[in-house]
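Survey of secondary and tertiary structure
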Amino acid sequence: MSIIAPLAPAVGKPALIDPFQRAITYLRVSVTDRCDFRCTYCMAEDMEFLPKRDLLTLEELDRLSTAFIERGVRRLRLTGGEPLVRRNVMSLIRSLSRHLKSGLLDELTLTTNGSQLQRFAGELADCGVRRLNVSLDTLDPDKFRFITRRGDLSVVLAGIEAARAAGIKVKLNAVALKNFNEGELAFMMAWAHERGMDMTVIETMPLGEIDEDRTDRYLPLDLVRIRLAERFTLRDIPYKTGGPARYVEVAETGGRLGFITPMTHNFCESCNRVRVTCTGTLFMCLGQEDAADLRGAMRRSEGDEALHQAIDEAIGRKPKGHDFVIDRATKRPAVSRHMSVTGG
Ligand code: SAM
Ligand code: SF4
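What counts, and where the lines are drawn
Residues numbered from 1 in each chain as written. Chains lettered and ligands numbered in written order. Predicted model: local features only at pLDDT ≥ 70, side-chain atom pairs only at ≥ 80, totals over all residues. Heavy atoms only, no water. Helix = DSSP H or I, 4+ residues; strand = E, 2+ residues; numbered from the N terminus. Buried < 20%, exposed > 50% of the residue type's maximum accessible area, 1.4 Å probe, protein only. Near = heavy atom within 4 Å. Nonpolar A, V, L, I, M, F, W, Y, C, P; charged D, E, K, R; others polar. Polar contact = N/O pair within 3.5 Å; in protein donor to acceptor, adjacent residues only side chain to side chain. Axes fitted to C-alpha atoms, helices over the stretch in contact; angles between N-to-C directions. Left-handed = near helix turned anticlockwise from the far one by under 90°. Contact = heavy atoms within 4.5 Å. Core = buried A, V, L, I, M, F, W, Y, C linked by side-chain atoms within 4.5 Å. Pairing = 2+ DSSP bridges. Phe/Tyr/Trp six-rings, centres within 6.5 Å; stacked < 30°, edge-to-face > 60°. Lys NZ or Arg CZ within 6 Å of the ring centre and 35° of its normal.

1. Some words on the environment of Ala165
Position of Ala165 among the secondary structure elements: in helix α6 (residues 153-165). Relative accessible area serves as the criterion here: at 70%, Ala165 is assigned to the exposed category. Distance in space between the C-alpha atoms of Ala165 and Ala121 is 8.5 Å, their sequence separation being 44 residues.

2. Let's talk about the site of ligand 2
Residues in contact with ligand 2, as listed here, are Cys35, Phe37, Arg38, Cys39, Cys42, Met43, Gly81 and Asn113. Looking at side-chain class alone, the shell around ligand 2 contains five nonpolar, two polar and one charged residues.

3. Thoughts on the site of ligand 1
Lining the immediate surroundings of ligand 1 are 17 residues, of which Tyr41, Gly81, Thr111, Ser135 and Met205 lie closest. The contact in question runs from an oxygen atom of ligand 1 to an N or O atom on the side chain of Tyr41, over 3.0 Å. Separating an oxygen atom of ligand 1 from a backbone N or O atom of Thr112 is a distance of 3.2 Å. Residues that form the shell around ligand 1 fall into these classes: five nonpolar, nine polar and three charged.

4. Describing the packing of helix α1 (residues 58-70) against helix α10 (residues 305-315)
At a minimum axis separation of 11 Å, α1 and α10 run at an interaxial angle of 65°. Relative to α10, α1 is oriented so that their crossing is right-handed. Contacts between α1 and α10 involve Arg63, Leu64, Ala67, Phe68 and Glu70 on the former and, on the latter, Leu307, His308 and Ile311. Of the residues contributing to the contact of α1 with α10, the split by class is five nonpolar, one polar and two charged.

5. Thoughts on the nonpolar core
Phe68, Ile93, Leu124, Leu172 and Met199 are the most contacted members of the largest nonpolar core, which totals 98 residues. With residues near it in sequence (within four places) discarded, Ile93 still touches Leu78, Leu84, Leu108, Leu110, Leu124, Cys127 and Val129.

6. What to know about the pairing of strand β9 (residues 256-260)
When you tally the buried positions in β9, you get four out of five residues, the bulk of the element. As defined by bridge partners, strand β6 (residues 198-202) adjoins β9 across four bridges and the pair is classed as parallel. Within β9, the position partnered with Thr200 by the bridge is Gly258. In terms of strand pairing, strand β8 (residues 246-250) meets β9 through four bridges, oriented antiparallel. Within the sheet, the bridge partner assigned to Val248 lies in β9 and is Leu257. As consecutive antiparallel partners, β8 and β9 are separated by five residues, and within that stretch Gly254 has a phi angle of approximately 75°, a positive value.

7. Here's the deal with the packing of aromatic side chains
Inspection of the entire model under this criterion finds three aromatic pairs. The interplanar angle of 85° and the centroid separation of 5.8 Å between the aromatic rings of Phe37 and Phe144 together place this pair among those described as edge-to-face. Taken together, the residues Phe37 in the loop between β1 (26-30) and α1 and Phe144 in helix α5 (residues 141-148) connect sequence positions 107 residues apart. The pair Phe37 / Phe144 is uniform in exposure class, with both members buried. A cation sits over an aromatic face here: Lys143 above Phe180, 5.1 Å from the ring centre. Between Arg256 and the ring centre of Tyr239, over which it is positioned, the NZ or CZ distance is 3.7 Å.

The analysis is restricted to geometry; functional conclusions fall outside its scope.
In structure tokens:
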């Protein structure tokens, strides 16, 4: 059981505190496992997606998110798969934006591949979305097509511009990939900073079977940092966005660069987050298999009592941390589900 401690101030229900006294204030919700891209490090070319009947409805996604918000979650990030390809996703986002208006939620945001932003940027801004993470691993159109297996860079760049024009702050997320973008990261960073965007680099994580050998692509960020430091002055800063990135300020550009290093540095001590998949499975840790079925708890009754009980039990089992390894001896992924299932 989680230790029933302080009340979530705005609602008067018990806050979610895990066995290591970490308050759960950040929820990531994957609204679909589908995507219009097939990034090579994320998905196999032939992905089998979940049957539609297994998915939570948009109403259930709202109900579930709201239950967490009532228990003290202050930041909500929608992800996927590609969140903006879920049919009618804007109706969910508009509905969830009521929690921004009521003050229960500090932030409603998304991680997106940017392909649909030209269409949705204005409406997202109107719903109170102030920041977006856009995943972009290269600025070369051919390499972009290669890594996403089907994406069009110009569409994503136009989407980023549309978001910025709508007043949304965009952060670029780039997965650091050996023999792919390692020589380009400095240029991408300068490009982002020129446009007033922060950038974060991410280590590849061993999640899900893909078509290639991950050891061929794994690039430790320690090395990325050393190389960048040969050309730029990097100063550690305490800046935080609620996520696990550690930031530096780059003197020459005046911009910020974040490092997410699940492989080389464990960031679990300060973990404040949990993730829910589009089928309502709650994962207490990205790197562990233990999970709780919230869909069943929701569908058993109209009231939310069973749901809150299931959430309490799950948070009471949140593990201390994960233990990822990528090496030649460990061929199998640490966790068999893809990032697109758990939600990045
Ligand atoms: N489709 C959206 C996107 O690409 O931003 C949201 C979902 S995607 C799974 C979220 C993030 O996870 C992306 O930034 C992607 O690059 C990252 N990602 C996917 N698979 C990964 C892996 N195996 N290791 C590290 N990051 C991964
Ligand atoms: Fe789709 Fe995002 Fe995975 Fe790329 S990283 S395949 S865009 S879910």
